[in-house]
Amino acid sequence: MIQDSIYLKNYARIYGKAIFHADTLREIQLYYSMLNFVNDTESEVRLDYLKQFCMTDNDIELIAPLPENQNYIDFMFEIASHGKNEEILMAVLPCMLSYSYIFRKLAAVPTSRQSRYWDFIKDHADEQYAESCKEWSAFAEHKCAGLSVANKKYLADIFEKASLLELAFWKMAYRNERMEENAK
Ligand SMILES: Cc1ncc(C[n+]2csc(CCO)c2C)c(N)n1
């Protein structure tokens, strides 16, 4: 949760770049809707967890990102620096889509309700959130439809790289757990 708070702050920055380079007002509204999700939905439950650790977002400012987190942030910033929204979409969408996919699967497991993270799981397994993911994906498909095969391959590689960075972020939690186990 702590590392995620650092990630989310930087993830939100990418939308500033996307909004600046947007072609249409509709596109600006779409990025705004994504940013709104990051700021509202994602923040509410996250702040509750931070409170359990007696922390606020101010404390997060003093904590350094772990290498997996920093890699992911660097990658998004590098893509954003190109100033091409098709690329930015490929870098930011895996974050949104993978959570909807993973948490819908988790929510379907009966024992998940007993998890201390049930409110987090429930939020991300939400039907409305899945619908928003569909809308954002459809927009990305539409925006990339007319591109060359080579360009589409390049964009698919960005999507894959971001997905692998997501995976590394998940694995980071288990790495720390193992370190704590070894320290015992
Ligand atoms: C590393 C990492 N990857 C994905 C998400 C998920 N996520 C980020 S913003 C957002 C939209 C609002 O809910 C979602 C689902 C995360 N929190 N941390």
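Structural data are supplied above this passage.
Residues numbered from 1 in each chain as written. Predicted model: local features only at pLDDT ≥ 70, side-chain atom pairs only at ≥ 80, totals over all residues. Heavy atoms only, no water.

J.: Explanation requested: the overall build of the protein chain in the structure shown.
T.: Each helix and strand counted, the protein chain has nine helices and zero strands in total. Put simply, the protein chain runs from its N terminus to its C terminus through helices and strands in the order α-α-α-α-α-α-α-α-α. Rg of the C-alpha trace for the protein chain: 17 Å, near the compact-globule value of 16 Å for 184 residues, within the 12% margin. Counting only C-alpha atoms and orienting by the principal axes, one finds that the protein chain spans roughly 55 × 35 × 30 Å. When burial is assessed residue by residue, the protein chain has 39% of its 184 residues classed as buried. Pairs at least 24 residues apart make up 78% of the contacts formed inside the protein chain by residues separated by at least 6 positions. (Helix = DSSP H or I, 4+ residues; strand = E, 2+ residues; numbered from the N terminus. Rg over C-alpha atoms; globule rule 2.2 N^0.38 Å. Buried < 20%, exposed > 50% of the residue type's maximum accessible area, 1.4 Å probe, protein only. Contact = heavy atoms within 4.5 Å.)

J.: Even after reading the chapter, I still don't get the layout of surface pockets, so can you show me in this structure?
T.: Take a probe with the size of a water molecule and roll it over the atoms, and the empty space left behind shows itself. Taken as a whole, the largest pocket spans an internal volume of roughly 910 Å³. At the level of secondary structure, the elements contributing two or more residues to the lining of the largest pocket comprise α1 (2-20), α6 (85-107), α7 (118-124) and α9 (149-183). Looking at the lining of the largest pocket residue by residue, the classes come out as 15 nonpolar, three polar and four charged. Considered as a void within the structure, the second largest pocket measures approximately 270 Å³ in volume. Lining the second largest pocket are 20 residues, with Glu42, Met96, Tyr99, His124 and Tyr129 sitting closest to its centre. The set of elements that each furnish at least two residues to the lining of the second largest pocket consists of α1, α2 (25-39), α3 (41-52), α6, α7, α8 (127-144) and α9. When residues of the lining of the second largest pocket are assigned to their parent elements, the largest contribution, four residues, is made by α1. (1 Å grid on protein atoms, 1.4 Å probe; cavity = no way out; pocket = protein on both sides within 12 Å on 5 of 7 lines; lining within 4 Å. Points joined across faces, edges and corners; volume = space filled by probe spheres on them. Nonpolar A, V, L, I, M, F, W, Y, C, P; charged D, E, K, R; others polar.)

J.: I tried to follow the packing of aromatic side chains on my own but got confused; where do I start?
T.: Given two aromatic rings, one states the distance between the centres and the angle between the planes to describe the pair. All told, the structure shown has 15 aromatic pairs when counted by the stated rule. With a centroid separation of 5.5 Å and 25° between ring planes, the pair formed by tyrosine 7 and tyrosine 11 is classed as stacked. Here tyrosine 7 and its partner tyrosine 11 are both found in helix α1, four residues apart, which amounts to about one turn of the helix. Each member of the pair tyrosine 7 and tyrosine 11 is classed as buried. Seen from their ring centres, tyrosine 31 and phenylalanine 139 are 6.3 Å apart, and the 90° between their planes marks the pair as edge-to-face. Placement of the pair is tyrosine 31 in helix α2 and phenylalanine 139 in helix α8, with a sequence separation of 108 residues. Grouping residues by exposure puts tyrosine 31 and phenylalanine 139 together as buried. (Phe/Tyr/Trp six-rings, centres within 6.5 Å; stacked < 30°, edge-to-face > 60°.)

J.: What exactly am I supposed to notice about the environment of phenylalanine 120 here?
T.: Mapped onto the elements, phenylalanine 120 comes out in helix α7. Spatially, the C-alpha atoms of phenylalanine 120 and methionine 55 are 18 Å apart, while their sequence positions differ by 65 residues. Ignoring sequence-local partners within four residues, the contact set of phenylalanine 120 consists of Met1, Glu42, Val45, Tyr49, Tyr99 and Phe103.

J.: Is there a simple way to think about α1 in this case?
T.: Structurally, the α-helix is built with 3.6 residues per turn, so residues lying three or four positions apart point the same way. Taking 1.5 Å of rise per residue, 19 residues should cover 27 Å, and α1 covers 29 Å from first to last C-alpha, within 8% of that figure. The complete set of buried residues in α1 reads Gln3, Asp4, Ser5, Ile6, Tyr7, Leu8, Asn10, Tyr11, Ile14, Tyr15 and Ala18. (Expected span 1.5 Å × (residues − 1).)

J.: Please clarify how the site of the ligand should be interpreted in this entry.
T.: The environment of the ligand is made up of 14 residues, and the closest members are Asp4, Glu42, Cys95, Tyr129 and Glu166. Here a nitrogen atom of the ligand and a side-chain polar atom of tyrosine 99 are 3.5 Å apart. Surface burial for the ligand is 99%, taken as the share of its 440 Å² of free accessible area covered by protein chains. Applying the majority rule of atoms within 2 Å of the grid points places the ligand in the second largest pocket. Every element with two or more residues in the shell around the ligand is listed here: α1, α2, α6 and α9. A total of four residues in the shell around the ligand trace back to one element, the largest contributor, which is α1. In terms of residue class, the shell around the ligand is built from ten nonpolar, one polar and three charged. (Near = heavy atom within 4 Å. Polar contact = N/O pair within 3.5 Å; in protein donor to acceptor, adjacent residues only side chain to side chain. Areas by Shrake-Rupley, 256 points an atom, 1.4 Å probe, with all protein chains shown as cover. Sits in = over half its atoms within 2 Å of the grid points.)

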